[in-house]
Amino acid sequence: MFNKKIDIIMPNFNKGEFLNEAINSVLSQTYKNWKLYIIDDHSSDTSSKILKKFKKNKKIKIFFLRKNKGPSFCRNLGLKKSKSK
């Protein structure tokens, strides 16, 4: 049976209005061997408030950047933090 671990990398910058839907979409997948890495790129909207609701979920790892670095930096940071192949 296919049971490889999948890591999902989700950069975020001021997309608070879409975060709940995006995260819940991952949570509702039928495949369960995954970990979600969310890198918040120093958002100034409601993103941090929304992300804090998910911080107790062991399958979700959230990183808050102290300075805006751009989507490429966020994706690369997610790749560095990822433990899967």
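A few points on the structure. (Residues numbered from 1 in each chain as written. Predicted model: local features only at pLDDT ≥ 70, side-chain atom pairs only at ≥ 80, totals over all residues. Heavy atoms only, no water.)

1. Points about the pattern of salt bridges
For the structure on display, the rule yields 1 salt bridge. Notably, a salt bridge pairs Asp7 with Lys5, separated by 3.1 Å at the nearest N-O pair. Assessed through its relative accessible area of 16%, Asp7 is described here as buried. A relative accessible area of 36% places Lys5 in the partly exposed class. (Salt bridge = Lys/Arg side-chain N within 4 Å of Asp/Glu carboxyl O. Buried < 20%, exposed > 50% of the residue type's maximum accessible area, 1.4 Å probe, protein only.)

2. Some thoughts on the nonpolar core
Proteins that are soluble and globular tend to have nonpolar side chains buried together. Of all hydrophobic cores here, the largest spans 12 residues; its members are Met10, Leu19, Ile23, Val26, Trp34, Leu36, Ile38, Ile50, Leu51, Phe54, Ile60 and Ile62. Those elements that place two or more of their residues in this core are helix H1 (16-27), strand E2 (34-40), helix H2 (47-52) and strand E3 (60-64). (Core = buried A, V, L, I, M, F, W, Y, C linked by side-chain atoms within 4.5 Å. Helix = DSSP H or I, 4+ residues; strand = E, 2+ residues; numbered from the N terminus.)

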